[in-house]
Amino acid sequence: MYLDDLKQMDAPTITPAVASKYLGCDPQWLRLMARQRPEQLGFNVACVGSRVKVSRLSLIRFLEGN
């Protein structure tokens, strides 16, 4: 997946499965980090019940190094 694809999405949040493709990590690791140590991720996440959501714009800024 390319960063341009992520930028063209309309959704304000994405799933850990989508985010992990850009980060090159396991989606389950991302879910665990979002619950246990979200401050160490470098981008915004939200835990809603059993779901984890990743802020798409925050992830884009992180990937661009901003």
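Source: prediction; values computed, not measured.

A. Quick peek at helix α2 (residues 16-23). Three or more residues of α2 are buried, namely Pro-16, Ala-19, Ser-20 and Tyr-22. All buried residues of α2 project into a common sector of 160° when viewed along the axis, lining one side. Residues of α2 that are buried in the fold lie against α1 (3-8), β1 (13-14), α3 (27-36), β3 (51-55) and α4 (56-64).

B. Summary view of α4. Residues Arg-56, Ser-58, Leu-59 and Ile-60 constitute the buried set of α4. Looking at the packing, one finds that the buried side of α4 touches α1, β1, α2 and β3. Two residues or fewer past α4, Gly-65 is found with a positive phi of approximately 85°.

C. View of the environment of Lys-7. Relative to the assigned elements, Lys-7 resides in helix α1. In this structure Lys-7 comes out as partly exposed when scored by relative accessible area, which is 39%. Note: C-alpha distance between Lys-7 and Pro-38 (31 residues apart in sequence) is 22 Å. Setting aside chain neighbours within four positions, we find Lys-7 in contact with Arg-56, Ile-60 and Glu-64.

D. Focus on the packing of α2 against α3. Two elements in contact, α2 and α3, have axes whose closest approach is 8 Å; the angle formed by their N-to-C orientations is 110°. As summarised for this structure, α2 and α3 are arranged roughly perpendicular, according to the angle between their axes. Taking contact as the criterion, the partners of Pro-16, Ala-17, Ala-19, Ser-20 and Leu-23 in α2 are, on α3, Pro-27, Leu-30 and Arg-31. In the contact of α2 with α3, the residues fall into 6 nonpolar, 1 polar and 1 charged.

What counts, and where the lines are drawn
- Residues numbered from 1 in each chain as written.
- Predicted model: local features only at pLDDT ≥ 70, side-chain atom pairs only at ≥ 80, totals over all residues.
- Heavy atoms only, no water.
- Buried < 20%, exposed > 50% of the residue type's maximum accessible area, 1.4 Å probe, protein only.
- Helix = DSSP H or I, 4+ residues; strand = E, 2+ residues; numbered from the N terminus.
- Arc of directions from axis to C-beta.
- Contact = heavy atoms within 4.5 Å.
- Axes fitted to C-alpha atoms, helices over the stretch in contact; angles between N-to-C directions.
- Parallel < 35°, antiparallel > 145°, perpendicular 65-115°, else oblique.
- Nonpolar A, V, L, I, M, F, W, Y, C, P; charged D, E, K, R; others polar.

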